[in-house]
Amino acid sequence: MGKTYERIDGRLRTFIEAQPLFFTATAPLSGDGTVNLSPKGLTGSFAVLDELTVAYLDFAGSTAETIAHLRENGRITLMWCAFQGPPNIVRVHGRGEPVFRDDPRFEELLTHFGDIDPALHGLRAIIVVTAELVRDSCGYAVPFMSYEEDRDLHGKRFAREDDASLSAYFTKKEHIATSLDGLPGLPLPLPPSTV
């Protein structure tokens, strides 16, 4: 049965740090707005900062729904589930914030992600999440699946971009600067990269 935790530590921290995939869920305040659910992966792009704070690297993509929703209301849920080993699902419900490349905190936050080269992936922001509720549940219905390796396609696609071409790419995309529901998304043009 589900249990509530006061912090992200011990076996809970070990479990979420070992998962190669997690999901983010956000929504606008509008009752008829678009709920967003995104898978996140790439080894080294997630970090536990302390017992109540986690962060992940937000890379180039076709939309910026998570960023837009966090800028509007800050609500976010992260979910990890075991596809191997004992069944388990962990959710962190909390408040999130996109820390953009021109934020004074950006460079220090980036030091928590030493196992990945963010320059290869069109790094847009670092999403920092402060946990308000941490729960697990059984995961009995989650199937067994095997993790083989990260795909290299994202890195191959965005490694060839510099700040100017990345900003141009984002400007051409319909739902980067504004969300599907018209909320402010990623501020453009991108500030220069520090990586």
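See the structure shown above.
Residues numbered from 1 in each chain as written. Predicted model: local features only at pLDDT ≥ 70, side-chain atom pairs only at ≥ 80, totals over all residues. Heavy atoms only, no water.

Caption draft 1: Seen up close, the overall build of the protein. Scanning the protein from N- to C-terminus turns up 5 helices and 8 strands. For 195 residues, the compact-globule formula gives about 16 Å, and the C-alpha radius of gyration of the protein, at 17 Å, lands near that figure. With the C-alpha coordinates aligned to their principal axes, the bounding extent of the protein is approximately 50 × 40 × 30 Å. Counting over 195 residues, the protein shows a buried share of 45%. By sequence separation, contacts in the protein at least 24 residues apart represent 73% of the contacts at least 6 residues apart. (Helix = DSSP H or I, 4+ residues; strand = E, 2+ residues; numbered from the N terminus. Rg over C-alpha atoms; globule rule 2.2 N^0.38 Å. Buried < 20%, exposed > 50% of the residue type's maximum accessible area, 1.4 Å probe, protein only. Contact = heavy atoms within 4.5 Å.)

Caption draft 2: Region of the structure containing the pattern of salt bridges. Across all of its chains, the model carries 10 salt bridges by this definition. With a closest N to O distance of 2.8 Å, Asp163 and Arg101 form a salt bridge. In this pair, Asp163 is assigned in helix 5 (residues 163-172) and Arg101 in the loop between strand 7 (89-100) and helix 3 (106-110), connecting sequence segments 62 residues apart. The class of Asp163 is partly exposed, set by a relative accessible area of 27%. The class for Arg101 is buried, based on a relative accessible area of 6%. Each member of the salt-bridge network shares a partner with another, and the members are Glu6, Arg7 and Glu51. (Salt bridge = Lys/Arg side-chain N within 4 Å of Asp/Glu carboxyl O.)

Caption draft 3: Structural context of the pairing of strand 6 (residues 75-81). Pairing analysis gives 3 bridges linking strand 2 (residues 22-26) to strand 6, with the strands arranged antiparallel. Residue Thr24 lies in a different strand from strand 6, and its bridge partner there is Leu78. Direction of pairing for strand 6 relative to strand 7: antiparallel, over a ladder of 7 bridges. Bridge assignment links Met79 to a residue of strand 7, and that residue is Arg91. (Pairing = 2+ DSSP bridges.)

Caption draft 4: Broad picture of the pairing of strand 4 (residues 46-50). Bridge analysis of strand 4 against strand 5 (residues 53-58) gives 4 bridges, and the strand direction is antiparallel. Considered in strand 5, the bridge of Ala47 is made with Ala55.

Caption draft 5: Looking closely at the nonpolar core. With 33 residues, the main nonpolar core has Ile8, Ile16, Phe46, Leu78, Trp80, Phe170 and Leu186 as its most contacted residues. At the level of elements, helix 1 (10-18), strand 4, strand 5, helix 2 (65-72), strand 6, strand 7, strand 8 (125-137) and helix 5 are the ones that each hand at least two residues to this core. Discounting residues that sit within four places of it in the chain, Ile8 has contacts with Arg13, Ile16, Val48, Asp50, Glu51, Val54, Val92, Ala131 and Val134. If you look at the next biggest cluster of nonpolar residues, it comprises 13 residues, including Ala47, Phe59, Leu109 and Ile116. (Core = buried A, V, L, I, M, F, W, Y, C linked by side-chain atoms within 4.5 Å.)

Caption draft 6: Focus on the packing of aromatic side chains. One pass over the structure, following the stated rule, counts 6 aromatic pairs. Here a set of aromatic residues connected by ring pairs shows up, and it is made of Phe22, Phe46, Tyr56 and Trp80. The ring of Phe158 carries Arg157 above its face, with NZ or CZ at 4.6 Å from the centroid. We note Arg157 situated over the ring of Tyr169; from NZ or CZ to the ring centre the distance is 4.9 Å. (Phe/Tyr/Trp six-rings, centres within 6.5 Å; stacked < 30°, edge-to-face > 60°. Lys NZ or Arg CZ within 6 Å of the ring centre and 35° of its normal.)

Caption draft 7: Spatial organisation of the state of the cysteines. Applying the stated criterion across every chain, the model contains 0 disulfides. With no disulfide partner, Cys81 has as its closest neighbouring cysteine sulfur the one in Cys138, 12 Å distant. Judged by its relative accessible area of 6%, Cys81 is buried. (Disulfide = S-S within 2.5 Å.)

Caption draft 8: Up close: the environment of Leu188. Inspection of the secondary structure puts Leu188 in the segment after helix 5. Classification of Leu188 as partly exposed rests on a relative accessible area of 28%. Apart from the residues lying within four places of it in its own chain, the contact partners of Leu188 are Phe170, Thr171, Ile176 and Ala177.

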